[in-house]
Amino acid sequence: MTNDTAAAATALPLAPGDWALDPLHSAVNFTIRHLGIAKVRGRFASVRAELYVGETAADVRVSATVDLASIDTGNPDRDAHVRASDLLDVEKRPTMTYRSTRVYGEGEDWTMEGELTIGDVTRPVSLAVEFGGLVDVPMNGARHAGFEATGEIRRTDFGLDFAPGLLGDVVKIQLDMQFVEPKAD
């Protein structure tokens, strides 16, 4: 049995069912090089995500939709320019979506392969996922699971080829996500 096969057959520490995103404790962050010498950091304030957990890793499905107009780099003028038609063009590309195609790993370290779509371009994207653990929230007893996912894309792969030399091609992604366990029937 290969490591991938063993991991797919391994029971998960998460209860099966549809886990709800905790948007107040989740974030979609990114960094991109500016002029090749410094990083600009930003985030997207509006994200919807779904996590379905089955009996094994082979049954896990993740999907997410990010509202590109919700970009926040800490500079409102820059954000307005990035949203404009000569750059990100949120009128033409209002969202980016991710859909997992495969999840494998064990313990705290996992890999999620999937497809990222920006506008009308879809490309494979693999994310390294760290399972942060489970905790029961004292105020309401709801069980939360935490995850960090990291990866990178090349913006030109998605037709976002504006400002060469001004902005780097590689965009590093960091997702910090919390999900709430489904209630038992």
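For the structure itself, look to the data block above.
Okay, so let's go over this structure. This is a predicted model, so every value here is computed, not measured.

1. Overview of the overall build of the chain
Broken down by element type, the chain carries two helices and 11 strands. Secondary structure elements in the chain, listed N-terminal to C-terminal, are α-β-β-β-β-β-β-α-β-β-β-β-β. For 185 residues, the compact-globule estimate of 2.2 N^0.38 gives 16 Å, and the chain sits close to it at 18 Å. Taken along the three principal axes of its C-alpha coordinates, the chain extends 50 × 45 × 30 Å. The buried share among the 185 residues of the chain stands at 39%. Here the analysis covers contacts within the chain between residues at least 6 apart in sequence; of these, 55% occur between residues at least 24 apart. Total accessible area on the chain is roughly 10,500 Å²; 52% of this is exposed by carbon and sulfur atoms. Measuring between centres, the 18 positive side-chain charges of the chain sit 6 Å from its 29 negative side-chain charges.

2. Examining the pattern of salt bridges
Per the stated rule, a full pass over the model turns up five salt bridges. The partner of Arg-102 in a salt bridge is Glu-113, with the nearest N and O atoms 3.6 Å apart. With Arg-102 in strand S7 (residues 95-106) and Glu-113 in strand S8 (residues 109-118), the pair connects residues that are 11 residues apart, well separated along the chain. You can call Arg-102 partly exposed: its relative accessible area is 32%. Overall, the relative accessible area of 25% leaves Glu-113 in the partly exposed class.

3. Concerning the environment of Gly-119
Of note, Gly-119 is situated in the loop between S8 and strand S9 (121-136). Exposure remark for Gly-119: the relative accessible area of 32% places this residue in the partly exposed category. With 40 residues separating them in the primary sequence, Gly-119 and Gly-159 have C-alpha atoms 8.8 Å apart. Once residues lying within four places of it in the same chain are set aside, the contact partners of Gly-119 are Arg-93 and Thr-95.

4. Description of the side chain of Ser-70
Relative to the assigned elements, Ser-70 resides in the loop between strand S5 (61-67) and strand S6 (71-72). Taking relative accessible area as the criterion, Ser-70 reaches 13% and is therefore assigned buried. Ignoring anything within four residues of it in the chain, the contact list for Ser-70 reads Arg-43, Phe-44, Ala-45 and Ser-46.

5. Overview of the pairing of S5
Here S5 shows one buried face, formed by Val-62, Ala-64 and Val-66, and one open face, formed by Arg-61, Ser-63, Thr-65 and Asp-67. Pairing geometry for S5 and S7, over five bridges, is antiparallel. Note that in S7 the partner of Asp-67 across the bridge is Thr-95.

6. As for the pairing of strand S2 (residues 27-34)
Both S2 and strand S11 (residues 167-180) contribute to a ladder of seven bridges, which runs antiparallel. For Phe-30, the partnering residue across the bridge sits in S11 and is Ile-173. Of the pairings in the sheet, the one linking S2 to strand S3 (residues 38-44) comprises seven bridges and is antiparallel in character. Considered in S3, the bridge of Arg-33 is made with Lys-39. Counting the residues that bridge the hairpin from S2 to S3 gives three residues, and of these Leu-35 lies at a positive phi of roughly 60°.

7. Section: the side chain of His-144
Along the chain, His-144 turns up in strand S10 (residues 143-154). A relative accessible area of 10% means that His-144 is categorised as buried. A polar side-chain atom of His-144 sits 2.9 Å from a polar atom in the side chain of Gln-178. The residues contacting His-144, other than those within four sequence positions of it, are Trp-19, Asp-22, Gly-133, Leu-134, Val-135, Val-137, Gln-178, Phe-179 and Val-180.

Here is what the cut-offs are and how they apply
Residues numbered from 1 in each chain as written. Predicted model: local features only at pLDDT ≥ 70, side-chain atom pairs only at ≥ 80, totals over all residues. Heavy atoms only, no water. Helix = DSSP H or I, 4+ residues; strand = E, 2+ residues; numbered from the N terminus. Rg over C-alpha atoms; globule rule 2.2 N^0.38 Å. Buried < 20%, exposed > 50% of the residue type's maximum accessible area, 1.4 Å probe, protein only. Contact = heavy atoms within 4.5 Å. Areas by Shrake-Rupley, 256 points an atom, 1.4 Å probe, with all protein chains shown as cover. Lys, Arg positive; Asp, Glu negative; His and termini not counted. Charge placed at Lys NZ, Arg CZ, Asp CG, Glu CD. Salt bridge = Lys/Arg side-chain N within 4 Å of Asp/Glu carboxyl O. Pairing = 2+ DSSP bridges. Polar contact = N/O pair within 3.5 Å; in protein donor to acceptor, adjacent residues only side chain to side chain.

Function cannot be inferred from these measures alone, as they are strictly geometric.
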